[in-house]
Amino acid sequence: MKFNNKNISVSKTATIGDNVKIGDNTIIYDNVHIGNNTIIANDCIIGEPVNSYYTQKEYKNPKTVIGDNSLIRSHCIVYAGNKIGENFSSGHRVTIRENTTFGKNCNVGTLSDIQGYSNFGDFCRLHSNVHIGQKSNVGNFVFIYPYVVFTNDPHPPSNILNGITIGDYSVIAVHSILLPGVKIGRNCLVGANSTVGKSFEDELVIVGSPAKALFSVREIKSKEKDKISHYPWMYNFERGMPWEGKGYDNWLNNK
Amino acid sequence: MKFNNKNISVSKTATIGDNVKIGDNTIIYDNVHIGNNTIIANDCIIGEPVNSYYTQKEYKNPKTVIGDNSLIRSHCIVYAGNKIGENFSSGHRVTIRENTTFGKNCNVGTLSDIQGYSNFGDFCRLHSNVHIGQKSNVGNFVFIYPYVVFTNDPHPPSNILNGITIGDYSVIAVHSILLPGVKIGRNCLVGANSTVGKSFEDELVIVGSPAKALFSVREIKSKEKDKISHYPWMYNFERGMPWEGKGYDNWLNNK
Amino acid sequence: MKFNNKNISVSKTATIGDNVKIGDNTIIYDNVHIGNNTIIANDCIIGEPVNSYYTQKEYKNPKTVIGDNSLIRSHCIVYAGNKIGENFSSGHRVTIRENTTFGKNCNVGTLSDIQGYSNFGDFCRLHSNVHIGQKSNVGNFVFIYPYVVFTNDPHPPSNILNGITIGDYSVIAVHSILLPGVKIGRNCLVGANSTVGKSFEDELVIVGSPAKALFSVREIKSKEKDKISHYPWMYNFERGMPWEGKGYDNWLNNK
């Protein structure tokens, strides 16, 4: 239904892998590479020219890569200069500005707004309507929930860009704000609606405005299984994870 | 201006009522029914295929119904499998995922993101940029304001989906978060920027992070009329409501 | 790349200035004026008909003006009846409803939602995903950061629209909410995630839920320069400002 080869525009300098599907009304600009078996749904823009396009006479679109086996849903805008790893998937109307890298197997939800100049590891899950400021560095297996904002300017407006750093396996719950320069360790849980103004070590539950470390994540009991902790969550959640069907320790020991 | 029959795509298996208008660049996919006198503005997608479309060979698009006399503004995406009642209206760029039902006379504002598998009664008003997690159950005459988030996972990420329940006539003010499994009674007011972590009975003003019941809604004085309470609001607000021009009690007694 | 004259629709009653570029799939409706040297990127709608279009037989689209030297990025919707000053620029998917005025040199970020019937001075900077309720009045050189909401209804739902007023040079940080009728003075800083329920005088740092005035903005030390205050910010930030390269006092004295 979505692939009728209607009103599609693909630049002559784009390279399109094998078995790629491109939806109606989608535009692929110069210097884009689309990996094998990837689906770009309808009404997307891939390789959106960066700002200098509007002012430079001799503009050349930077290289953009969308990895193999990815699925970009309708109405997304992926700027030029991004490198997106294999098995990526997105919701609708996502905006990813230039010089952003995603590792493999990442998801970005509907309406999320990645401001560019940021890096994400593998298996990150950004839910709907997440706002990631420039100069953010996000580890692997990080979950970020709706309306979270990563900031970078400590006294706006200024010329400082102090991005956010998030360690592997950490979880940032809905509506939380990470203030400029904050570093969150591994295996942390930032609770809903928190305003995080300082950095925190590993395995902490971080809650409030201003946010404080309440206790170890291991103190949160599972609501699915008796008498165990839910966190670190890798022992209790495996959908879409590389340890699916074999357990986290098994996967870790055989990596 | 908006209806020039340009670049419209309507599936042969869609059924289009009498006197329907469809805007330019809009796509109506398989198995969609559009009710009589309904307007689908430009650049919309109605009956967006669900995820299995990308993986199943023999995919069949579930039935989608848009009721009579509805108005869907531009750039909305309504997934297949939704049943939307009559007199519905939407803002722009709304996303409604699969298996959502709306009663009659509901409105959903610009950018709102309904994650699917949820039910809304009649005369619900969702303002701009509301995020409704899966498994939500919303009564009749419920008002939900911008950037409100309904969550469902008590210790993310997990496999639990504990949706939100909202009673008739309740109002959820801007930027509030309802944590997983919360039930709000009838005639409640959840104040701006609240984080609601437990359930509450009827007619309460619920405010804060974590949210507490402050007092009865009847203690909020009207700023429009002397010496009366504003809540329950049905006695003081009637625009677009079925008791418009005749009063709430009158309507209730003659239903 | 973006200007191929493909699937563009321009009303016969629109007036298009000299050296204007219009992107593919963009629609310019009746009675729109586009200023000289302005760029309207692809997939935009300029002069979107107001609600009465759907109900009035003899609808006439109100006059819309986009000033000279402006840049409207892709997928924006600008309603009819707006007056937007010169050197305006926008991100993607911005919605600006009717009867809004912007002075000169304003920016509005991706996904922002201006509900109409509001006024902005010169050199305002609205970042991504800002929600401005009706009847707002914003001064000059005002910065508004992501997910800020300006409300207007003191006991929703009601018929009252008490808009927000913001003085020149004030800054509203991420995720803050201004409650109905609030007036913020000049040179203020509203901190992240604040819920502002009353009005405040000039030069204050306003933080919390409910927000309180903590101290003078002059007590916030610069992180860029030794031993000076960062605020008023005009002495420490000049990118894109009319005092760029000559200093704020110099500019002020020679206006």
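Scope of this entry: the structure provided in the associated data block.

The rules we used
Residues numbered from 1 in each chain as written. Chains lettered and ligands numbered in written order. Predicted model: local features only at pLDDT ≥ 70, side-chain atom pairs only at ≥ 80, totals over all residues. Heavy atoms only, no water. Helix = DSSP H or I, 4+ residues; strand = E, 2+ residues; numbered from the N terminus. Rg over C-alpha atoms; globule rule 2.2 N^0.38 Å. Buried < 20%, exposed > 50% of the residue type's maximum accessible area, 1.4 Å probe, protein only. Contact = heavy atoms within 4.5 Å. Lys, Arg positive; Asp, Glu negative; His and termini not counted. Charge placed at Lys NZ, Arg CZ, Asp CG, Glu CD. Buried area = accessible area lost by both parts, 1.4 Å probe. Salt bridge = Lys/Arg side-chain N within 4 Å of Asp/Glu carboxyl O. Polar contact = N/O pair within 3.5 Å; in protein donor to acceptor, adjacent residues only side chain to side chain. Nonpolar A, V, L, I, M, F, W, Y, C, P; charged D, E, K, R; others polar. Phe/Tyr/Trp six-rings, centres within 6.5 Å; stacked < 30°, edge-to-face > 60°. Least-squares fit on C-alpha atoms with pLDDT ≥ 70 in both. Pairing = 2+ DSSP bridges.

1. Details of the overall build of chain A
Broken down by element type, chain A carries one helix and 30 strands. Taking 18 Å as the expected radius of gyration for a compact globule of 255 residues, we find that chain A reaches 19 Å, a close match to that expectation. Dimensions of chain A, computed from C-alpha atoms along their principal axes, come out at roughly 60 × 50 × 30 Å. Taking all 255 residues of chain A together, 62% fall into the buried category. Taking contacts inside chain A between residues at least 6 apart in sequence as the whole, the part at least 24 apart equals 23%. Charged side chains of chain A number 26 positive and 22 negative; the gap between the two group centres comes to 1 Å.

2. A look at the side chain of Glu98 of chain C
Following the sequence through the fold, Glu98 of chain C ends up in the loop between strand E13 (95-96) and strand E14 (100-102). Filtering out sequence-adjacent residues up to four positions away, Glu98 of chain C remains in contact with Val50, Tyr79, Ala80, Gly81, Asn82, Gly116 and Tyr117 of chain C.

3. Remarks on unusual backbone geometry
Residue and element names in this part refer to chain B. In this structure, Pro210 follows Ser209 across a cis peptide bond, with omega equal to 0°. If you trace the backbone, Pro210 turns up in the loop between strand E29 (204-208) and strand E30 (211-216). Here the residue pair Tyr231 and Pro232 is connected by a cis peptide bond, since its omega of -5° sits within 30 degrees of zero. Tracing the backbone shows Pro232 in the loop between E30 and helix H1 (248-253). Not every positive phi belongs to a glycine, and Phe123 is a case in point at roughly 55°. Assignment of secondary structure puts Phe123 in the loop between strand E17 (118-120) and strand E18 (125-126). A residue is classified by how much of its surface remains accessible, and Phe123, at 7% relative accessible area, is buried. In this structure, Tyr147 is a non-glycine residue whose phi angle is positive, near 65°. With respect to the helices and strands, Tyr147 occurs in the loop between strand E21 (143-144) and strand E22 (149-150).

4. Observations regarding the interface of chain B and chain C
Each partner contributes residues to the interface: chain B has 39 residues there, and chain C has 45 residues. Of all residues in chain B, the largest losses of buried area upon contact with chain C belong to Met1, Arg93 and Tyr147 of chain B, amounting jointly to 21% of the total for that side. Put simply, chain B and chain C have one salt bridge between them. With a shortest N-O distance of 2.6 Å, Lys2 of chain B and Glu48 of chain C are connected by a salt bridge. Our count for the chain B to chain C interface comes out at 22 residue pairs in polar contact (both at pLDDT 80 or more). Partitioning the side of chain B that touches chain C into residue classes produces 16 nonpolar, 15 polar and eight charged.

5. Things to note about the packing of aromatic side chains
Given two aromatic rings, one states the distance between the centres and the angle between the planes to describe the pair. Residues and elements named next belong to chain A. Within this structure, the stated rule accounts for 65 aromatic pairs over all chains. Relative to Phe141, the ring of Phe123 lies with its centre 5.1 Å away and its plane at 10°, an arrangement referred to as stacked. Placement of Phe123 in the loop between strand E17 (118-120) and strand E18 (125-126) and of Phe141 in the loop between strand E20 (137-138) and strand E21 (143-144) is noted, with a sequence separation of 18 residues between them. An aromatic cluster is defined as three or more aromatic residues linked by ring pairs; in this entry it consists of Phe123, Phe141, Phe143, Tyr145, Tyr169, Trp233, Tyr235, Phe237, Trp243, Tyr248 and Trp251.

6. Structural notes on the relation of the copies chain B and chain C
Least-squares fitting of chain B to chain C yields an RMSD of 0.0 Å, with the superposition described by an axial translation of 0.0 Å and a rotation of 120°. Given the turn and translation reported, the copies of this chain are related as if by a three-fold rotation axis.

7. Section: the interface of chain A and chain B
Residue-level contacts link 39 residues of chain A with 44 residues of chain B. Here chain A meets chain B over a buried area of about 3,300 Å², counting both sides, of which 57% is carbon and sulfur. Considering only the side of chain A, the residues that lose the most area to chain B are Met1, Arg93 and Tyr147 of chain A, jointly responsible for 21% of the buried surface there. Taken together, the connections running from chain A to chain B amount to one salt bridge. Class assignment of the residues belonging to the side of chain A that touches chain B gives a composition of 16 nonpolar, 15 polar and eight charged.

8. Overview of the sheet that holds strand E16 (residues 113-114) of chain C
Whenever strands of a sheet pair, they do so through backbone hydrogen bonds, lying parallel or antiparallel. Residue and element names in this part refer to chain C. Pairing in this open sheet of ten strands is parallel, and the strands run E1-E4-E7-E10-E13-E16-E19-E22-E25-E28 from one edge to the other. Every other strand in the sheet has two partners, leaving strand E1 (9-10) and strand E28 (195-196) as the edge strands with one partner each. Bridge analysis of E16 against strand E19 (residues 131-132) gives two bridges, and the strand direction is parallel. Its bridge partner lying in E19, Asp113 is registered against His131.

9. Looking at the environment of Asp43 of chain C
Looking at the element boundaries, Asp43 of chain C is found in the loop between strand E6 (39-40) and strand E7 (45-48). Its relative accessible area of 13% is what places Asp43 of chain C among the buried residues. When the C-alpha positions of Asp43 of chain C and Arg93 of chain C are compared, they lie 9.4 Å apart, and in sequence the two are 50 residues distant. Aside from chain neighbours lying at most four places away, what touches Asp43 of chain C is His75 of chain B together with Asp24, Asn25, Thr26, His75 and Cys76 of chain C.

10. Details of the environment of Gly133 of chain A
Residue and element names in this part refer to chain A. Turning to its location among the elements, Gly133 is positioned in the loop between strand E19 (131-132) and E20. Residue classification places Gly133 among the buried positions, given a relative accessible area of 5%. Here the alpha-carbon distance between Gly133 and Asp113, two residues 20 residues apart in the chain, equals 8.6 Å. Filtering out sequence-adjacent residues up to four positions away, Gly133 remains in contact with Gln115, Gly116, Ser118, Phe150 and Asn152.

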